[in-house]
Amino acid sequence: MKSLYEKHGSALVAYLCCCGLDFASAEDVVQQLFLKLLQGQTVIPQTPLAYLYRAVRNASLNLRRKLQREVEMQESETWLVAPNGHPEEVLTLQAALRELPEEQRETVFLRVWAGMTVQEIADMLDIPIGTAASRYRYALEKLRERLQLVAEP
């Protein structure tokens, strides 16, 4: 359990921030999931990655429903983990991601930062593989356009 948390904990928190939770709420959701796992309330399947992302996604949706409002992402709050990146580049990328529709932003995050395949994303979100692939493709096109505009003088 500890190795799962160490390996995926920060990425799960970042994923939830990508989906609209503030950093503190995202940390709480991830910690609550791992607490349930430690207490034996939930059994981890043989392929834990998709399970972990789906579990925190569902928990975040429940939290957002409970709060009955969307949580705005903070402009200056860094939620992407970039060990070798410059803070201004991270904030620029976060801003570009924030401009994507939620479905596309979620798909990009799962593909790039979680390392999931398009098939795993489709299975996790319970959508056709073609839908997952097109969300990813459209998102990359929009990110390229947005980041190219930022880079031009």
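Attention here is on the structure that accompanies the text. Note that the structure is predicted; figures quoted are calculated from it, not measured.

**With respect to the nonpolar core**
Link 1 in the chain: Ranked by size, the top nonpolar core spans 31 residues in total, and within it Y15, L16, Y53, V56 and L110 carry the most contacts.
Link 2 in the chain: Only α1 (2–18), α2 (23–38), α3 (48–67), α5 (102–112) and α6 (118–125) provide two or more residues apiece to this core.
Link 3 in the chain: The leading source of residues in this core is α1, at nine residues.
Link 4 in the chain: The contacts of V56, once residues within four sequence positions are left out, are L12, Y15, L16, V29, V30 and L33.

**Brief notes about the packing of aromatic side chains**
Two aromatic rings are characterised by how far apart their centres lie and by the angle between their planes.
Link 1 in the chain: For the coordinates displayed, the defined rule picks out four aromatic pairs.
Link 2 in the chain: Positioned above the aromatic ring of Y138, the side-chain terminus of R137 is 5.2 Å from the ring centre.

**Here we look at the packing of α1 against α3**
Link 1 in the chain: At a closest axis distance of 11 Å, the pairing of α1 and α3 adopts a crossing angle of 40 degrees. Our classification of the angle between α1 and α3 gives oblique. Two packed elements cross with a definite hand, and for α1 against α3 that hand is right-handed. Contacts between α1 and α3 involve L4, H8, A11, L12, Y15 and L16 from the former and P48, L49, L52, Y53, V56, R57 and S60 from the latter.
Link 2 in the chain: Split into classes, the residues belonging to the contact of α1 with α3 amount to ten nonpolar, two polar and one charged.

Definitions and cut-offs
- Residues numbered from 1 in each chain as written.
- Predicted model: local features only at pLDDT ≥ 70, side-chain atom pairs only at ≥ 80, totals over all residues.
- Heavy atoms only, no water.
- Core = buried A, V, L, I, M, F, W, Y, C linked by side-chain atoms within 4.5 Å.
- Buried < 20%, exposed > 50% of the residue type's maximum accessible area, 1.4 Å probe, protein only.
- Helix = DSSP H or I, 4+ residues; strand = E, 2+ residues; numbered from the N terminus.
- Contact = heavy atoms within 4.5 Å.
- Phe/Tyr/Trp six-rings, centres within 6.5 Å; stacked < 30°, edge-to-face > 60°.
- Lys NZ or Arg CZ within 6 Å of the ring centre and 35° of its normal.
- Axes fitted to C-alpha atoms, helices over the stretch in contact; angles between N-to-C directions.
- Parallel < 35°, antiparallel > 145°, perpendicular 65-115°, else oblique.
- Left-handed = near helix turned anticlockwise from the far one by under 90°.
- Nonpolar A, V, L, I, M, F, W, Y, C, P; charged D, E, K, R; others polar.

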